[in-house]
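# Close look at the chain arrangement
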Amino acid sequence: MNLLALHCTHQTTPLAIRERLAFASREQLARAYSELRRRFSESEAVILSTCNRVELYLAHPGDDAEQTRQQLAQFLSEFHDVPLDEFVGELRADSGSEAVWHLFAVISSLDSMVLGEPQIVSQVKEAYRAAEENGACGPLVHSLFQSAIRVSGRVRSETKLAEGRVSVASVAVGDFAKKIFDNFADKLVLIIGAGEMAEETLRYLKDEGVREIVVINRSPERAERLAREWSGRAEPWSDLDLWLGRADVIVSTTGAERPIVNAARFRQARAKSAGRTAFVLDLGAPRDFEPAVDKLDDVFLYDIDSLSRTCEDNRHARVREIEAARQIIADELAKFMAEFHRRASGDVVSRLMQDWHGVSKEELDRLFAKQPHLTARDREAIERTVERIVNKLLHPPLETLKHESREGTPHGLIDALKRLFRLEG
Amino acid sequence: MPNVNLFCFLASYLVAFSLDVARLRAQSAWSRWIAILFGAAGLLAQTLYLLLRSSLTHQPPLLSSAHDWLLVLAWLAVLTHLFVSLLDSTIASGLVVWPVVLLLVGASHFVTASTSPELDFHHEWKMLHASMLMLGTAAILFGFILSLLYLWQHRRLKHRQMLTSGLTLPSLERLERFNRWSILVSVPLLTFGVASGIGLSVMGKPDAAPTWTDPVVLGGSVMWLLMCGLFAWLLSGQRTPGRQVAWLTAWSCGFLLFMMVGLQVLTEVIQMPSLHGRDVTRRVPGNEPAPPAVR
C-alpha cells in the first residue's frame, strides 16, 4: 500500500476554487465516498473539507503516485462538475512520508490560517469519523489518523503553539475582562452598535456565563436583531447614558466618525454607580470612547490598538514554537514510517511462515501415519523439534527483511522472496 | 532533633523567592515546582525549629517569646502560600509573599528569644490572648498581601501589560472580596485578643511591671483601634473604587505590621521594658532564668 495526499488549501488556492471543490454536506460526502469506493475499490480514503482546505488522503495498492494523483483530480472534477483545467494547477500532491508529514502538520495547526488554532483537530477527527461511517477506512488509514491525533496531542502539550490568544475579542475577554471580573453571570453587558467584532466578543462573553445583555444602536431594527440573536434586549439610543451608568462590561463598535463618549459624559453617567468597576472594549475605528475615559478610577478602557499589540506578541510567541512542533512531527513521522514499512513486509513474512509451517505439518502427519507406535509424548517432541528447525531456517531472511524495513519498504527484497518461494499464489 | 537554625529556612525562602522572580523573565514548569519544593523544605525546617524551641522552653511557640511569635506569623503566611500554590501553581503570589516572610524571619533575629517567667500564671487565658492576636495579625498580614496583589493587577490591567506566559494573578473582583474578608475577620479576632489582654492585666500579679505603659501593648491597642475604624468604614456601605480600598488597606495594614514588628525590635534594641519583649519581671524567689535561645 502507498499513501497519497491531494490538497488545495488557503495557502495555495483561492477561495473561489476551494468553495467549488468543497464537500459541504453529509449527503455530498456520502456520495463522494461511494464514488471513491467505486473508482478505487482496493483503497482506503479520508476526505477533509473545511473552509480553509479540501484534502483527500488515499491509501492505495498501486506504486504509481502520479497516475493515482491524476485519477483523484479527475474524480474531483467529475464529482463537482468543475473542468479539470480550472483547478488542476492549484492542486498539490504528496506521497509516502511527505503525505504523512502533511497530515501531521495540518492537525498540529502548523498549516492553519491562525497558527495553533484548535478547531482543526476536531475537524480532522470529524473527517476521520465520517470516513469510518462510510466504510472508507482500512488498517493503514486507521493507523495514520490515530498517529495524527497523537501528534496533535503531543504538539499541544509539549509546545506553546496553542498558548496565548490571537484575536482581539478573545484577548479582550480572556486576558483582560477575566482578570477584572471573577464571575460574569451577575454582570450587565452593554453593546453599542452592532458590528461583527461585537458579536464575536459576545460569543466569548456568553461562554463566560453572561446573562444580561442590552443592545443600543442608532438603528432600532439592527439593535432588535442582535438582541434577539443573543437573548438580550434592545434599548433606545436616547437611553445610552442610563445604560452607560449601569453596565459592567461595555462593548462599543458604532462606526461613528468621532468619539461618542468623552470622560465628562462617562463620569456623569456613572455618578450613581461610583466605585463600580467598568470594562470598556472600544472596537470602533475611529474610536468611540475618548482615551481620557481610561483615566477614571476603576474604568478599564481597551481599544483595538492596545489589544492588537497583545495579539501580535502572542502570534510571535507561537511562531517561535514552530521548530519544536516540527521536531515532534519528525519524531512521530519516523515512528509511523517504521511501522508502515514493517507492515508492508509483514504480509510476506506471515505468508512465508504459514507456507513453511504448513509443509512441515503435512510431512509430520505423513510420518505419524507411517509410525503408529509413536507415543503422544514422542509425537510432541518431534513436532517441537521440526518447528524449531523451521523457525531457525526462517530467522536469517526475516531478520534481513526487518532490518531493511527500517530504511523504507524493501520492495526488491520482498519481490525476491515472493519469487523465490512462489508466494504469489 | 535535627540541628536546625534560622538560616536554614531563611535560605530556603530566599531561593524560592529568587526562583519566583526568575519566573517573571522566563516561565518553565520545573522552576515553579522547584520554588514550591524549596518553600516546602523551608517550612519543614521552620516547623522543626519551632518545635525544638518549644521543647526547650516548655512553652507553645505563641507564648514563648516575640522571636517565636514572629516566626509563627511567617509560618502561617508560608503555609497559606504553599497551599494556594499547590491549588494553582501558575499564581504569582510568591513575589509578594516571600519578601514579607523574609522580613518577618529577618526581624525575628533582632527580637528577644527569651521567655517570660510570668507565663506560669493564667496559662489558658494567655494562650487565648496570644492566639487571637496572632490570628488577627495574620488576617491583617493577608489583607496587606492581597492589597499589594490587587494594586499590581490593577496597574497591569491599566497599562495592558501581559504577565509571563504561565503566570497569573487572581482577578480584581476576587482579590477585593478576599481583602474585605480578611479585614472583617481580623477585627473580631483582635478584639478578643485585646479584651483577653485587658482581663489578664487586671488579674495580673501585684509585683508585675505595669502593662499599660508597655510599648507593645500601646502599639497593639492603636492597631486594634485603626482596624476597628477600617472595619466600620468597610461596613458603612459606601461604595469606593477598589483601588482606593486596596491603597487604604495596604497602607494601614502595612503600617500596623511595621509598627508591631518595629516595636518588638525597638524594645530589644534600646532595651525598653516590655512584658511582650524583654524580661521586665522583678526578680523574685522562684523566678528561674529563661532557657537559652537555639538560634
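Predicted model, so just to flag it, every value in this text is computed and none were measured. (Residues numbered from 1 in each chain as written. Chains lettered and ligands numbered in written order. Predicted model: local features only at pLDDT ≥ 70, side-chain atom pairs only at ≥ 80, totals over all residues.)

### Overview of the overall build of chain A
What counts, and what does not: Helix and strand labels come from DSSP, where a helix needs a run of H or I of at least four residues and a strand needs a run of E of at least two; each type is numbered from the N terminus. With C-beta atoms placed from the backbone, a residue is buried if 20 or more other C-beta atoms are within 10 Å of its own, exposed if 12 or fewer are, and partly exposed between those counts. Here contacts are defined at the residue level, using C-beta atoms placed from the backbone and a cut-off of 7 Å between them.
Regarding its fold elements, chain A presents 15 helices and 10 strands. Residue burial in chain A is summarised as follows: out of 425 residues, 38% are buried. For chain A, contacts bridging at least 24 residues in sequence account for 73% of all contacts bridging at least 6.

### Overview of the overall build of chain B
Helices and strands together make up the secondary structure of chain B, namely nine helices and zero strands. Along chain B, helices and strands appear, N-terminal first, in the series α-α-α-α-α-α-α-α-α. Classification of the 295 residues of chain B by burial places 42% in the buried group. For chain B, the proportion of contacts with a sequence separation of at least 24, taken over those separated by at least 6, is 80%.

### Digging into the sheet that holds strand S3 (residues 53-60) of chain A
Residue and element names in this part refer to chain A. Keep this limit in mind: When DSSP finds at least two bridges between two strands, those strands are taken to pair. Convention adopted: a line fitted to C-alpha atoms gives each axis, helices being fitted over their contacting stretch, and angles between N-to-C directions are expressed from 0 to 180 degrees.
Strand order in the open sheet made by the four strands is S2-S3-S1-S4, with antiparallel pairing throughout. The sheet terminates laterally at strand S2 (44-49) and strand S4 (92-95), the two strands that pair on one side only. Here the average twist between neighbouring strands, direction ignored, is 15°. As judged from the six bridges shared by S2 and S3, these two strands associate in the antiparallel manner.

### Digging into the sheet that holds strand S7 (residues 233-235) of chain A
Residues and elements named next belong to chain A. Read across the open sheet, the six strands follow the order S7-S6-S5-S8-S9-S10; overall the sheet is parallel. Where the open sheet ends on each side, the last strands, each with one partner, are S7 and strand S10 (299-303). Here the strands of the sheet are splayed against their neighbours by 20° on average, with no regard to which way each runs. The pairing of strand S6 (residues 212-216) with S7 spans three bridges and is parallel. Pairing of Val 215 across the sheet is with Ala 234, part of S7. Sitting on the sheet, helix H7 (residues 168-180) touches strand S8 (249-253), strand S9 (278-282) and S10, and the angle it makes with S10 is about 175°.

### Some remarks on the packing of helix H1 (residues 6-25) of chain B against helix H5 (residues 94-108) of chain B
Residue and element names in this part refer to chain B. Definition in use: By the definition adopted for this analysis, an angle is roughly parallel if under 35 degrees, roughly antiparallel if over 145, roughly perpendicular if from 65 to 115, and oblique otherwise. In a left-handed crossing the near helix is turned counterclockwise from the far helix by less than a right angle, and in a right-handed crossing that turn is clockwise. Ten residues, namely Ala, Val, Leu, Ile, Met, Phe, Trp, Tyr, Cys and Pro, are considered nonpolar, four, namely Asp, Glu, Lys and Arg, are considered charged, and the remaining ones, Gly among them, are considered polar.
At their nearest, the axes of H1 and H5 sit 9 Å apart, and the two run at 160° to each other. The pairing of H1 with H5 is recorded here as roughly antiparallel in orientation. In terms of crossing hand, the pair formed by H1 and H5 is left-handed. Every residue of H5 that contacts H1 at Leu 6, Phe 9, Leu 10, Tyr 13, Leu 14, Ala 16, Phe 17, Asp 20 and Val 21 is listed here: Gly 94, Leu 95, Trp 98, Pro 99, Val 101, Leu 102 and Val 105. Grouping the amino acids of the contact of H1 with H5 by side-chain chemistry returns 14 nonpolar, one polar and one charged.

### Regarding the nonpolar core
The test is simple: As used here, a nonpolar core is made of buried Ala, Val, Leu, Ile, Met, Phe, Trp, Tyr and Cys residues. They are joined through C-beta atoms within 7 Å.
Membership of the largest hydrophobic core comes to 116 residues, with the highest contact counts inside it found for Ala172(A), Ile191(A), Val215(A), Ile250(A), Val280(A), Leu70(B) and Ile145(B). Excluding residues within four positions of it along the chain, Ile191(A) makes contact with Ala198(A), Leu202(A), Ile213(A), Val215(A), Leu226(A) and Val251(A). Core analysis: the second largest hydrophobic core is formed by 57 residues, Leu21(A), Leu56(A), Leu91(A) and Val121(A) among them.

### What to know about the packing of helix H6 (residues 123-158) of chain B against helix H7 (residues 172-203) of chain B
Residues and elements named next belong to chain B. One can describe the packing of H6 onto H7 by two numbers: an axis separation of 7 Å at closest approach and a directional angle of 155°. Considering the angle they form, H6 stands roughly antiparallel to H7. The two elements H6 and H7 meet at a crossing, and its hand is left-handed.

### Side note on unusual backbone geometry
The residue Ser109(A) is not glycine, and still its phi comes out positive at about 70°. With respect to the element layout, Ser109(A) can be found in the loop between helix H4 (97-107) and helix H5 (119-133). Owing to 23 C-beta atoms within 10 Å, Ser109(A) belongs among the buried residues under this scheme. If you check the backbone angles, Arg160(B) has positive phi at about 55° while not being a glycine. With respect to the helices, strands and loops of the structure, Arg160(B) is situated in the loop between H6 and H7.

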